[in-house]
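# Examining the three-dimensional arrangement
The primary structure of each chain is shown beneath.
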Amino acid sequence: IRLFGENLTLGNVLVRAYGIRHCQLAGPDWLDADRYDIIASVPEGAKLEQIPVMLQRLLEERFNLSAHHEIRETRGYDLVVAKGGPKLTPSQVAKTNDSGESLSQAMAVDRDGFPVIPAGHHETMTAMTNGRPHMQAIQTSMEQFANFLSSQVERPVRNATGLSGDYDFRLTWALASAPTDEDGPFIFEAIQPQLGLRLV
């Protein structure tokens, strides 16, 4: 079994290897500047949960990188339910991923620009249409959504909604520095009217 990665920064690999959010990564600027193609062999019989440790060893052996954990204070956000309650659809389908189909090859975009996730996959994915991100979430927990938001706002986001279970929902927001009405709102303003949630 071979593991391929194209155009990756070492920051990308470190986040995956150590199970952290990118906002928790501290290091020299070149971690997110230099890019690499990585090819590695995965031992026969290896389990998915063993991949992070293998990536740690790869970083040590190929790049002579060392890492450590430390506690730092930083500002962050709580994801909470807005006044009026959540606007989320509870998922009714049990989590499975038995299709054997490559999501990167199968993913299409609907007429509104949202990713069309194949049946059998539970994912949170974004697609860009005319410079605007469109997110489609299938069977996604609020904990997973908080992690996604953390990558967007570049700060830690804690799930404080009190909502359990998995949900299906869509979200559109603007990336422009000064969005117009046509662009749509920033992600901070988008989640309340669209999902009934807030970042505080």
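Sequence order as written defines residue numbering, which begins from 1 separately in each chain. Given that the model is predicted, a residue must reach a pLDDT of at least 70 before its local features are reported, and side-chain atom pairs must reach 80 or more before they are shown or counted; all residues, however, enter totals for whole chains, interfaces and linings. The side-chain figures draw on all heavy atoms in the structure; neither hydrogens nor water molecules are used.

Our next topic: the packing of helix H1 (residues 10-18) against helix H2 (residues 51-63). Comment: axis = line fitted to C-alpha atoms, over the contacting stretch for helices; angle = value between 0 and 180 degrees taken between N-to-C directions. The helix count covers DSSP runs of H or I at least four residues long, the strand count covers runs of E at least two residues long, and both are numbered beginning at the N terminus. Close contact between H1 and H2 brings their axes to 7 Å; oriented N to C, the two are set at 140°. The angle between H1 and H2 falls in the class oblique. The two elements H1 and H2 meet at a crossing, and its hand is left-handed. Along its contact with H1, which presents Leu10, Val13, Leu14, Arg16, Ala17 and Tyr18, the element H2 presents Ile51, Pro52, Leu55, Gln56, Leu59, Glu60 and Phe63. Here the residues of the contact of H1 with H2 are counted per class, giving 10 nonpolar, 1 polar and 2 charged. Note that the term roughly parallel is reserved for angles under 35 degrees, roughly antiparallel for angles over 145, roughly perpendicular for angles of 65 to 115, and oblique for everything else. Two helices cross in a left-handed way if the nearer one is turned anticlockwise from the farther one by less than a right angle. They cross in a right-handed way if the turn is clockwise. Throughout, a contact is declared for two residues whenever any of their heavy atoms are within 4.5 Å. All residues other than Ala, Val, Leu, Ile, Met, Phe, Trp, Tyr, Cys, Pro, Asp, Glu, Lys and Arg, Gly among them, are scored as polar; the first ten of these are nonpolar and the last four charged.

This next bit is on H1. Think of it in three bands: with a 1.4 Å probe and only protein chains considered, a residue is buried below 20% of the maximum accessible area for its type, exposed above 50%, and partly exposed in between. Among all positions of H1, only Leu10, Gly11, Val13, Leu14, Val15 and Ala17 are buried. On its buried face, H1 is in contact with strand E1 (2-9), strand E2 (35-41) and H2. Trailing H1 by a residue or two, Gly19 shows a phi angle of about 60°, which is positive.

The next point concerns the packing of aromatic side chains. Only rings of Phe, Tyr and Trp enter the pairing, Trp through its six-membered ring, and a pair is recorded when the two centres are within 6.5 Å. The plane angle decides the type: under 30 degrees is stacked, over 60 is edge-to-face, the rest tilted. Counted by the stated rule, this structure contains 5 aromatic pairs. With 5.0 Å between their ring centres and 75° between their planes, Tyr36 and Phe63 make a pair best called edge-to-face. Remark: Phe63 occurs in helix H2 and Tyr36 occurs in strand E2; sequence separation between them is 27 residues. On the accessibility criterion, Tyr36 (29% relative accessible area) is partly exposed. One aromatic cluster is present, formed by Phe145, Phe148, Phe169 and Trp173 through successive ring pairs.

Another aspect to go through is the confidence of the model for the protein chain. pLDDT is a residue-level measure of predictor confidence that goes from 0 to 100. Here the protein chain shows a mean pLDDT of 82. Residues at 70 or above account for 82%. The low-confidence segment residues 97-106, where pLDDT is below 50, has 14 contacts with residues more than four positions distant or belonging to other chains.

Another aspect to go through is the pattern of salt bridges. Salt-bridge detection follows one rule: a side-chain nitrogen of Lys or Arg within 4 Å of a carboxyl oxygen of Asp or Glu. Counted according to the given criterion, the structure contains 3 salt bridges. Notably, a salt bridge pairs Glu60 with Arg57, separated by 3.7 Å at the nearest N-O pair. Separated by 3 residues within a single helix, Glu60 and Arg57 lie in helix H2, roughly one turn from each other. Judged by relative accessible area, Glu60 falls into the partly exposed class, the value being 36%. The salt bridge partner of Arg72 is Glu70, with a shortest N-O separation of 2.5 Å. On the basis of relative accessibility, which here comes to 46%, the residue Glu70 falls in the partly exposed class.

Core analysis: the largest hydrophobic core is formed by 21 residues, its most contacted members being Leu79, Phe145, Phe169, Leu171 and Ile191. With 6 residues, the top contributor of residues to this core is helix H4 (residues 142-153). Core analysis: the next-biggest nonpolar cluster, separate from the first, contains 13 residues, Val13, Ala17, Leu55 and Leu65 among them. Here, nonpolar core means buried Ala, Val, Leu, Ile, Met, Phe, Trp, Tyr and Cys residues that are tied together by side-chain atoms lying within 4.5 Å of each other.

This brings us to the side chain of Thr161. Relative to the elements of secondary structure, Thr161 occurs in the loop between strand E9 (157-159) and strand E10 (167-172). Here a polar contact means two N or O atoms within 3.5 Å. Within protein one must be a hydrogen donor candidate and the other an acceptor candidate, and residues neighboring in sequence count only if both atoms are side-chain atoms. Reaching out from Thr161, the side chain makes a polar contact with the side chain of Asn159 at a distance of 2.7 Å. In this structure Thr161 touches Leu79, Val80, Val81, Met142 and Leu197, once residues within four positions along its chain are discounted.

A few words now on the sheet that holds strand E3 (residues 77-81). DSSP bridges decide pairing: two strands pair if at least two such bridges lie between them. On the basis of which strands lie adjacent, the open sheet formed by 3 strands has the order E9-E3-E11 and mixed pairing. Strand pairing shows two members of the sheet lacking a second neighbour, E9 and strand E11 (197-199), which therefore form its edges. Taking the axes of each pair of neighbouring strands and ignoring which way they run, one obtains an average angle of 25° across the sheet. As paired strands, E3 and E11 are joined by 3 bridges and run antiparallel to one another. Bridge pairing links Val81 to Leu197 in E11. Those strands touched by helix H5 (residues 187-195) are E3 and E11, and its axis lies near 160° from that of E11.

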